[in-house]
Amino acid sequence: MVERRPLLTFTQHAVLIVGAAIFVFPIYLAFVASTHTGTEVNRGLPLLPGDQMQENYAIVLGEGLSTAGAPPIGLMLMNSTIMALAITLGKLAISLLSSFAIVYFKFPFRVLAFWTIFITLMLPVEVRILPTYEVVAQLGMLNSYAGLSIPLIASATATFLFRQFFMTVPDELTEAARIDGAGPMKFFRDILVPLSRTNIAALFVILFIYGWNQYLWPLLVTTDESYYTVVMGIQRLANSGDQLPQWNLIMATAILALLPPVIVIIVMQRLFVRGLVEVEK
Amino acid sequence: MRTKKVTFRHRWLPYALVAPQIVITLVFFIWPASQALYQSVLRQDAFGLRTEFVGLANFARLFADPLYLESFFTTVWFSALVAGSSMLVALVLAVMADRVIRQATTYRTLLIWPYAVAPAIAGVLWWFLFNPTIGILAYALEALGYDWNHYQDGTDAMTMIVIAAAWRQVAYNFLFFLAGLQAIPKSLTEAAAIDGAGPVKRFVTIQLPLLSPTVFFLIVVNVVYAFFETFGIVHATTAGGPGNDTVILVYKVWRDAFEGLNLGSSAAQSVILMAIVIALTAIQFRYIERRVEY
Amino acid sequence: MTFARTTTALATVLGLGAGPALAQTEIQFWHAMGGALGEKTEEIVAGFNESQDDFVVVPTYKGNYTENMTAAIAAFRAGEQPHIVQVFEVGTATMMSAEGAVKPVYEVMGDADIEWDADAYLPAVRSYYSTPEGQMLSLPFNSSTPVLWYNETLLNEAGIAEVPQTWDEMFAAAAALQEIGHDCAFSFGWQSWVMIENYLAWHDQPIGTMENGFAGLGTELVFDESESLTDLLQRIADAAQEGTFQYGGRRGDSLPLFTEGECAMWMNSSAYYAGISDQAEFEFGQAMLPVDTSAAEAPQNSIIGGATLWVLEGHEAEEYQGVAEFFDYMSRPDVQADWHQSTGYVPITTAAWELSQEQGFYEQEPGTDTAIKQLSLNEPTANSAGLRFGNFVQIRDIINEELEDLWAGNQSAEEALQSAAERGNALLREFEAANS
């Protein structure tokens, strides 16, 4: 800025620091809760970490809480990873291909294909949950990674964003490719996909978080513990019915469940922000 | 619907390219959606053993049901609160971060990550903090003389889910506001500063108008988020209570189907929700399309 | 053990599971027992699996009662149903009317190569889950009844020598507690069950017409016609404004209010025994529910809650043999007595009750027989045998909603009960239409 206003600068930093603190606060307390015994937490939450961290995390990582329908969390974390990656990669793949077709080809039924895909834009699975469940069951896909992930790939968000981006790619590139005698797939592979790098990265982050955070869908399609995901596991633990919730273990699970997507977003921050703002603006 | 001016020609390739997405869409979207349409005109017992065609009776009953209308109102109110509060907080933080250029990235890192936290987990976290017996915030509020009880008080319950929902969404809004602000040429604000305009005046006369597309975009995104993606928050915490005070539409669809086993009514609600989303999508679509063409 | 378990799970995931050496028949059992109760349930299942080689029961926790039931129904619609599903008592009417989906227990046991006597089960428990002809439809597994839990330490401090036996004494105790500066005298959970269904049975008043729904689908809710109930709920709502009653959630969410010493008394299931013993750091006990002397001189009997095991259609005959053997194992006196003593659920067979008496359990743990005494206080009348209403899961939600609005001071008890009955009756008519 051109002017100097020490008071203003101070206020800015203060607001930002307080803001950041407010955001970290719940997580900090969750962490604190995960380092005490259940009884201590139930008696009123201490503000400083306790000495039960190893014990609590050993329980959720090792034994799991079978009585809360939660297998060892390692397995749930793996399931979440598989589901999130399947959704992310699946969506990226099909939407790159279909938006390429829609933007770069003129073919009969193009408009029909476009609208068939786009009518799903943003319509979340929650809204048509029961019939979708029945379809998946009829296809014998309950309790499978396919059942967990494929129905969630049926959304047009990514296709839409790639379409928007492809529309901004200069026609000269296509012409040049054609003059060079490059076929459509070569153009797609060598020019279009590399150009979309930041968009792909941004979508990767968005979709990974979307996939990881799925809640209702895994709750329905899995009955076999070996397919449980960690986010649905949390609710299981928290609603232990007629028992007092074991907050220390719930919070340990929560911390472990939110770490992977948080790490992804922080590590890929730069690409994510650039891609996100480019594609959605 | 536009394509490129320069396109490729191929007899079967485009079909092969769209095929995977079309197949998935047909099987997991169009088919279930049409099932929902079909079920919305039926009455069926829980196990699906007896089925009866009832025409539009399910819809008629919904619109005659004061609780459904109340749920509509609750949802609109909830969405307005979530979108409003999360955007406002995000805007304030973004304006501050924009001014401290050097550390902007550090603050961004500190503020960005709640976006990665699942709504269900966010709900459980805040639920824990607000627990009337052991929650630290409930304890603090009591020390301030406020008797917090989200099990009994509808306003408390609504406040809690709004905070949980907005907490996560601030991060997302912040990113867009910050990017929007940073895209505004510094020369504009600096020129105004030289003319003697203070920071507040500069914000109102220059930055805010230039941010309006971002604001509009975020309103739609936040409303859609509050309408649909917050199911996990309600389900994992208030379960719609107390009374019907936090029964949002998506929660009601799920509850009537999976707890009430009233499939006809739930399907009718699905159909209504689909209509709402399609309308919202159309608005956003037109808006984005126009921006691209301009 | 831990390592083995993880490895097995991993192997299954990776498709490496070689399968058990013996061709055992798998029986899927979906239950809703979380926490300590879940551990105990799994222990029973493990006991059965070890006791024989032909079958292996696979227990799966599917969430709370409602979630478990609807998961099973959704699975049935999709042809993926488990063999056994645990359904809470209010789901009984829904399950009963699902002919073709449910295989009645008397049939399962009758078809199986096994000796079985329905009369071994306690009458108060059995009658809730039988046809009018006395044929048992589902197997009682965990049954409890609401009792009055009290914090003896607190009551003593307030100089209350005797545990309140009437509602007037409850309010007197509340006043005494407030005098020593202790606000919350009492709270309760599962309010429809405790404060409406059991209140009415306890005072021999009807919840609905047609023998509380036992006699047919045309039943109507009449709980709003009870003046004594209306008056009592109004008194409690007033107490909420004064702070002597504190509402703490729909199911067992208010348990911490009691175990943390915030509320001196708590009315809820006897099955909280395990949880309270774990958590409470004061002298506690259980007593019979208070009597409302304006409604009756002496109590009738309370009604059960809890859940039973239903068998679903669509499996092989051989698998039903396994189900029958598992049910038989569960009903054994030693298994039942152990379950009863460690959980606080009532023993479901007479033999298990007698075994617990012989073992001297009730002398060691005074008060633990409160529940069963309440249940067998008198021969059940049409008002106290239980209830059978369709859509009752939703009706309980409606009652929850209306009562919550009452506790918050948004409406009077009369309004709350009236609108709950009105909304509930609409659901009953819908159920009647969909099931006839």
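Note that the coordinates shown come from a computational prediction; the quantities given were computed from them, not determined experimentally. Here the residue numbers are simple positions, counted from 1 along each chain's written sequence. Whichever chain is written first becomes A and whichever ligand is written first becomes 1, with later ones labelled in order. Only residues with pLDDT of 70 or above have their local features reported here, since the model is predicted, and side-chain atom pairs are shown and tallied only from 80 upward, although totals for entire chains, interfaces and linings are computed over all residues.

Quick look at the overall build of chain C
Scanning chain C from N- to C-terminus turns up 20 helices and 10 strands. Each radius of gyration is computed over the set of C-alpha atoms, and the globule rule expresses the reference value as 2.2 Å times the number of residues to the power 0.38. Taken over C-alpha atoms, the radius of gyration comes to 22 Å for chain C, in line with the 22 Å a tight globule of 436 residues would show. Counting other C-beta atoms within 10 Å of its own, a residue is labelled buried from 20 upward, exposed at 12 or fewer, and partly exposed in the gap between, with every C-beta atom placed from the backbone. Taken across its 436 residues, chain C has 57% of its residues classed as buried. A residue pair is marked as a contact if its C-beta atoms, positioned from the backbone, fall within 7 Å. Pairs at least 24 apart in sequence give 76% of the contacts found in chain C among residues at least 6 apart. For helices the rule is a DSSP run of H or I covering at least 4 residues; for strands it is a run of E covering at least 2, with both sets numbered from the N terminus onward.

What to know about the nonpolar core
A set of buried Ala, Val, Leu, Ile, Met, Phe, Trp, Tyr and Cys residues, joined through C-beta atoms within 7 Å, is what we mean by a nonpolar core. Grouped together as the largest cluster of nonpolar side chains are 312 residues, with contacts concentrated most on Ala254 of chain A, Ile121, Val124 and Phe174 of chain B together with Ala185 and Phe186 of chain C. Among the elements that make up this core, the one with the highest residue count is helix α7 (residues 154-183) of chain B (19 residues). Where each domain starts and ends comes from a domain assignment, either automatic or drawn from a database. Per-domain counts for this core show at least three residues from each of domain 1 (20-144 + 305-364) and domain 2 (146-302 + 390-434) of chain C. With residues up to four places along the chain from it excluded, the contact list for phenylalanine 174 of chain B reads Ala90, Leu93, Ala94 and Leu111 of chain B.

Topic: the packing of α7 of chain B against helix α9 (residues 199-229) of chain B
Residue and element names in this part refer to chain B. Every axis corresponds to a line fitted to the C-alpha atoms, with the helix fit spanning only the stretch in contact, and the corresponding angles, defined between N-to-C directions, vary from 0 to 180 degrees. It is the contact of α7 with α9, at a shortest axis distance of 10 Å, that shows an interaxial angle of 150°. Classified by the angle between their axes, α7 and α9 sit roughly antiparallel to one another. Crossing angle aside, the handedness with which α7 passes α9 is right-handed. In contact with Ala165, Gln169, Asn173, Phe176, Phe177, Gly180 and Leu181 of α7, α9 contributes Gln207, Leu211, Thr214, Leu218, Asn222, Tyr225 and Ala226. Comment on the angle field: the value is read as roughly parallel under 35 degrees, roughly antiparallel over 145, roughly perpendicular from 65 to 115, and oblique elsewhere. In this scheme, a crossing is called left-handed if the near helix is turned counterclockwise away from the far one by less than a right angle; it is called right-handed if the turn is clockwise.

A few points about the pairing of strand β1 (residues 25-31) of chain C
Residue and element names in this part refer to chain C. Across the seven residues that make up β1, a large majority, five, are buried. At least two bridges found by DSSP between two strands is the condition for calling them paired. Strand direction decides the pairing type here: β1 and strand β2 (residues 55-61), joined by seven bridges, are parallel. When the bridges of β2 are listed, phenylalanine 29 appears paired with proline 59. Relative to strand β3 (residues 84-88), β1 runs parallel, the two sharing two bridges. Each bridged residue has a counterpart across the sheet, and for phenylalanine 29 the counterpart in β3 is isoleucine 84.

Brief notes about the sheet that holds strand β9 (residues 284-287) of chain C
Residue and element names in this part refer to chain C. Spatially, four strands are ordered β7-β8-β6-β9 in an open sheet, and the strand pairing comes out mixed. Strands with a single pairing partner mark the edges of an open sheet, and in this sheet they are β7 (186-188) and β9. Across this sheet, the average inter-strand angle for adjacent strands is 25°, counted without regard to direction. Here three bridges tie β7 to strand β8 (residues 265-269), and the two strands are oriented parallel to one another. Paired with phenylalanine 188 across the two strands is methionine 267, which belongs to β8.

Examining the confidence of the model for chain C
Residues and elements named next belong to chain C. Averaged over all residues, the pLDDT of chain C equals 88, while 95% of them reach at least 70. One confidence number per residue, pLDDT, is output by the predictor and ranges from 0 to 100. Throughout residues 1-21 the model reports pLDDT below 50, and contacts reaching past four residues in sequence, or to other chains, amount to 14 contacts. Model confidence for the complex: the whole-complex pTM is 0.81, and ipTM, which rates the interface, is 0.84.

As for the confidence of the model for chain A
Should pLDDT be low for a region, the predicted coordinates there are not to be read in detail. Of the residues in chain A, 88% have a pLDDT of 70 or more, and the chain-wide mean is 82. When pLDDT is averaged over each helix and strand of chain A, the minimum, 70, is found for helix α15 (residues 269-280) of chain A and the maximum, 92, for helix α4 (residues 73-104) of chain A.

Regarding the interface of chain B and chain A
In this complex, chain B contributes 80 residues to the contact, which on the side of chain A involves 82 residues. Ranked by the residues each element gives to the side of chain B that touches chain A, the list is headed by helix α1 (residues 13-39) of chain B, at 18 residues. Throughout, the ten residues Ala, Val, Leu, Ile, Met, Phe, Trp, Tyr, Cys and Pro are labelled nonpolar, Asp, Glu, Lys and Arg are labelled charged, and all others, Gly among them, are labelled polar. Residues of the side of chain B that touches chain A, tallied by class, amount to 64 nonpolar, 11 polar and five charged.

Regarding unusual backbone geometry
The phi dihedral of alanine 239 of chain B falls on the positive side, at around 55°, and the residue is not glycine. Residue position: alanine 239 of chain B is located in the loop between α10 (231-236) and α11 (249-258). Judged by the 23 C-beta atoms lying within 10 Å of it, alanine 239 of chain B is buried. In this structure, asparagine 391 of chain C is a non-glycine residue whose phi angle is positive, near 55°. For asparagine 391 of chain C, the location among the structural elements is in the loop between α18 (370-375) and α19 (392-407). Among the residues examined, asparagine 391 of chain C registers 26 C-beta atoms within 10 Å and is labelled buried.

Some remarks on helix α16 (residues 350-358) of chain C
Residues and elements named next belong to chain C. The complete set of buried residues in α16 reads Ala352, Trp353, Leu355 and Ser356. For α16, the buried positions fall inside an angular range of 160° around the axis, keeping them on one side. Those residues of α16 that are buried lie in contact with α15 (333-343), α17 (361-364) and α18. A positive backbone phi angle near 75° is found at glycine 360, which sits one or two residues after α16. This arc describes the spread of directions from the helix axis toward the C-beta atoms.

Some remarks on the domain arrangement of chain C
Residues and elements named next belong to chain C. Domain parsing of chain C yields domain 1 (20-144 + 305-364) and domain 2 (146-302 + 390-434). A C-alpha centroid distance of 29 Å is found between domain 1 and domain 2. Counting residues at the interface gives 15 residues for domain 1, matched by 14 residues for domain 2. Residue assignment for the side of domain 1 that touches domain 2 shows that the elements contributing at least two residues are α4 (92-96), β5 (139-144) and α15. Grouping the amino acids of the side of domain 1 that touches domain 2 by side-chain chemistry returns five nonpolar, 10 polar and no charged.

Comments concerning α11 of chain B
Across the 10 residues of α11 of chain B, 10 count as buried, placing the element largely inside the fold. Three or more residues of α11 of chain B are buried, namely Leu249, Val250, Tyr251, Lys252, Val253, Trp254, Arg255, Asp256, Ala257 and Phe258 of chain B.

Some thoughts on the environment of alanine 101 of chain C
Note that alanine 101 of chain C resides in the loop between α4 and β4 (102-103). Each C-alpha atom of the pair alanine 101 of chain C and proline 333 of chain C lies 30 Å from the other, and the pair is 232 residues apart in sequence. Not counting the four nearest positions on each side in its chain, alanine 101 of chain C is found in contact with Phe47 and Leu49 of chain B together with Phe76, Leu312 and Glu313 of chain C.

Observations regarding the packing of helix α5 (residues 110-118) of chain A against α1 of chain B
For the pair α5 of chain A and α1 of chain B, the least separation of the axes is 9 Å and the interaxial angle reads 50°. On the basis of the axis angle, α5 of chain A is oblique to α1 of chain B. Judged by the twist between their axes, the crossing of α5 of chain A over α1 of chain B is left-handed. Seen from α5 of chain A, the contacting residues are Ala113, Thr116 and Ile117 of chain A; seen from α1 of chain B, they are Val18, Gln21, Ile22 and Thr25 of chain B. Broken down by class, the residue content of the contact of α5 of chain A with α1 of chain B amounts to four nonpolar, three polar and no charged.

What about the environment of isoleucine 112 of chain B?
Residue and element names in this part refer to chain B. Here isoleucine 112 shows up in helix α4 (residues 104-112). Note on isoleucine 112: 22 C-beta atoms within 10 Å, which makes it buried. Each C-alpha atom of the pair isoleucine 112 and alanine 171 lies 4.7 Å from the other, and the pair is 59 residues apart in sequence.

So, the environment of valine 311 of chain C
Residues and elements named next belong to chain C. Here valine 311 lies in strand β10 (residues 305-312). Taking the number of C-beta atoms within 10 Å as the measure of exposure, valine 311 has 24 and is therefore buried. Non-local contacts of valine 311, meaning those with residues more than four positions away in its chain, are made with His83, Ile84, Val102, Lys103, Val105, Val108 and Val323.

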